[in-house]
Each structure stands twice: as C-alpha cells, then as structure tokens.
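Spelled out, the chains give:
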Amino acid sequence: MDQHLIRSSLSIFSSRRGKVKKTVVRITGFLLILLMVLAGINRVFKMKYGDGIYSLTKFYEQKKDSVDVLVLGSSHAFENINTGTLWDEYGMASYVLGGSRQPSWNTYYYLKEALKTQRPELIVLEGYMLLYDADYEESSRIIKNNFGLKWSKDKIESIKVSAPKSQWAEYFLEYTQYHTRYRELSREDFLKNQGYRYYDNWKGFGCNLDTVAEVGTDVKQVDEVSPLYGKTEEYYRKILDLAREENIPVLVTIAPYFLIDEKSEKMFNRVGEIAGEYGDLFLDGNKLVDEIGVDYQVDNADDVGHLNYLGNQKYTKYLGTYIKEHYTVSDRRAD
C-alpha cells in the first residue's frame, strides 16, 4: 500500500514537473521572440545621426587594433580632419570618433569606449569645445553624444554627467525619446548602413561641400591666457590623464575657423598650457592660417566656421605632416 502511494505521488510529481517545464519553455520562448521583435523595432526606430550616434555604430565595426590615429572632438573634428587625406598622403589608419558640440565629458567617455577595442599610436584631440562654459548641453546634443554608446557602466556614468539628475530617466529609457518616430520613418531606416554606400567603409569624417566666403580675424599676436570653465577643464585633464595611463601620446589641435576672436584665443592659449603640463603637443591652427594656406574666401563651408572640401584637405595635410615629424605612426598603405 505504501509503495502504491509512493508510486502515485511520484507520478503526480513527475506530471506536474513536466507541465512546469513546458510552461517555463513556453514563457522562455515567448520572451525570446519578444526580445527579437523589440530589437528589430529598436533597430528601425532608433536615431541614426551621423554627427554623434552613427560614428559609434561604425566604430564598433572596426577590426580590433586597426585604428592607429584616433581623432576625438566635435564637428570641428569630423568636418575638418579628413581621414581619406590622412590615408592617401601618409598611410595613416585613422578614425574620427566625435559628436555634435561634444563637451569634454562626453569626449572622455568616447575615449574610454574606444580603448576597449583599439590601441591607437596617437590620439588627436580637436579642442574647439574646450571653450564650453556650462554644465550641460541641450537635449539633442545629450542624445547625440550618448545614445550611440553600448550599454555599460561607462555609458551610465556618461549620461549621469551629461544631464541633471532630474532628467536621468529620460536618457536611461532611450526608447521614450524615439518611440514616436513612426511618422518620420523612411526607407533608409530599414536598410543596412541606411542604404548609403558612403557608410560602407566610413571612418567618421563628413565632408562639407558648400562654400561660404568669410573674412577671419588675425589672432597671431594674442598671447594672454584666460581660464577654462571648471567642468570642461576637469574632463580635459581626465582625457590627458587617461591617455598618459595608457602610454598614448596626445596631440591637442585647434582647426582654424573664421569666427575666432581674442577672448576664445586666450582660452585656447590655456588649452595649450595644460597640454604642456602633460608633456603633450599643442597645434593652434588659428595662429597658423598663413602656413596652412587657408583662405576663408574659398575654404570656409558655412556661417559657423567649418572648413569645406578644399579647406579640410589643406588643414589635414598640414596636420599629417606635423604628425609625421613629431610622432611615430605606421604607414599602412603596403599592408
């Protein structure tokens, strides 16, 4: 009798265990399908700005340790430093990892992210945004300079330093920022590389093809120094500290732009002083306009001071020659 009860109990237990197992399998299968659907929706709906988000998307596709010259900064980096020219003229394997109006704190976290897969021979920091004098950028810039990062502790820290605490949830829950994009969706959102061959082998550089004639200001004689904004300087130093820890030299440079004024130039002089404290070189294009050969009548692209397809080649050739004279960077054209 006892054996019969035991067998009966075991049978009931086995039956229930089988049902529980099937239920778990079904729930797991449902969740996996749901995650795949959500991932597909996210891929279509997510923002794909080329001036911040997509530069990271394509950077993650680069082969490990394939970037010898890592260029960091704002649009003054990705519109003025021509990766094609660096390759054609000097054989430098470079990538511009930047974002629109990128503050120094976002540049710092971009560098941390880059060093997870790349070991550059040189870091080029374009320092235009070291003029920035506030604690937070506007919402669209926060999105462009954070949403391209893969989820990690560094991304969380980047968001936290990019926005007031009261707004953190808006940026941690990214989907709330773009789930209503269905009205904006186009064919490109569904295609690899947005359907543009331009992005197939993209290295983060965006060439501006317009020409807006302007007249620049001569700041060659400006030698006074003005302080940088506290938070901006803090993360500028963090960038230089991290590079030093990794034993990677940094070239801090300012691409020439016609809107330069004495106030800004005094701050750039401070940028150069700080670079010198770390033993890094500083190249201020605003004081080298004649040597570079930039003519804002033909080389300027817009009313905010980016160089066009002519100007960026002049500046990049000067930059490339300077790099060759002062650093050891591999020539990969024979690879």
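As shown above, the structure is provided for reference.
Residues numbered from 1 in each chain as written. Predicted model: local features only at pLDDT ≥ 70, side-chain atom pairs only at ≥ 80, totals over all residues. Heavy atoms only, no water.

Asker: Before we move on, could you go through unusual backbone geometry and cite the residues and values that matter?
Answerer: Phi angles above zero are rare outside glycine, and Asp65 is one such case at about 55°. On the secondary structure map, Asp65 appears in the loop between helix H2 (53–59) and strand E1 (69–73). Owing to a relative accessible area of 45%, Asp65 belongs among the partly exposed residues under this scheme. One non-glycine residue, Arg101, lies in positive phi territory at about 45°. Mapping Arg101 onto the fold places it in the loop between strand E2 (94–98) and helix H5 (104–114). By relative accessible area, Arg101 is classed as partly exposed at 31%. (Helix = DSSP H or I, 4+ residues; strand = E, 2+ residues; numbered from the N terminus. Buried < 20%, exposed > 50% of the residue type's maximum accessible area, 1.4 Å probe, protein only.)

Asker: Explain the packing of helix H4 (residues 83–90) against helix H14 (residues 311–326) residue by residue, including any values.
Answerer: Two elements in contact, H4 and H14, have axes whose closest approach is 9 Å; the angle formed by their N-to-C orientations is 50°. One way to sum up the angle between H4 and H14 is to call them oblique. The two elements H4 and H14 cross, and the hand of that crossing is right-handed. Each of Thr85, Leu86, Glu89 and Tyr90 in H4 lies in contact with H14, whose residues at this interface are Gln313, Thr316, Lys317, Gly320, Thr321 and Lys324. Counted by class, the contact of H4 with H14 contains two nonpolar, five polar and three charged residues. (Axes fitted to C-alpha atoms, helices over the stretch in contact; angles between N-to-C directions. Parallel < 35°, antiparallel > 145°, perpendicular 65-115°, else oblique. Left-handed = near helix turned anticlockwise from the far one by under 90°. Contact = heavy atoms within 4.5 Å. Nonpolar A, V, L, I, M, F, W, Y, C, P; charged D, E, K, R; others polar.)

Asker: Can you tell me about the environment of Glu113, naming the residues and giving the values?
Answerer: Topologically, Glu113 is positioned in helix H5. Residue classification places Glu113 among the buried positions, given a relative accessible area of 6%. For the pair Glu113 and Ser152, spaced 39 residues apart in sequence, the C-alpha to C-alpha distance is 9.4 Å.

Asker: Can you break down empty space enclosed by the protein residue by residue, with the values?
Answerer: All chains considered together, the criterion is met by one cavity of 30 Å³ or more. What the largest cavity holds in volume is close to 50 Å³. Lining the largest cavity are Gly73, Ser74, Gln102, Pro103, Ser104, Thr107, Leu125, Glu126, Gly127, Met129 and Leu130. For the lining of the largest cavity, the residue count by class is four nonpolar, six polar and one charged. (1 Å grid on protein atoms, 1.4 Å probe; cavity = no way out; pocket = protein on both sides within 12 Å on 5 of 7 lines; lining within 4 Å. Points joined across faces, edges and corners; volume = space filled by probe spheres on them.)

Asker: Account for the pattern of salt bridges, naming residues and giving values.
Answerer: Applying the stated criterion to the full structure yields 21 salt bridges. Arg332 is paired through a salt bridge with Asp68; the nearest N and O atoms lie 2.6 Å apart. Taken together, the positions of Arg332 in the segment after H14 and Asp68 in the loop between H2 and E1 put the pair 264 residues apart, joining distant regions of the chain. Arg332 gets classed as partly exposed once you look at its relative accessible area, which sits at 28%. (Salt bridge = Lys/Arg side-chain N within 4 Å of Asp/Glu carboxyl O.)

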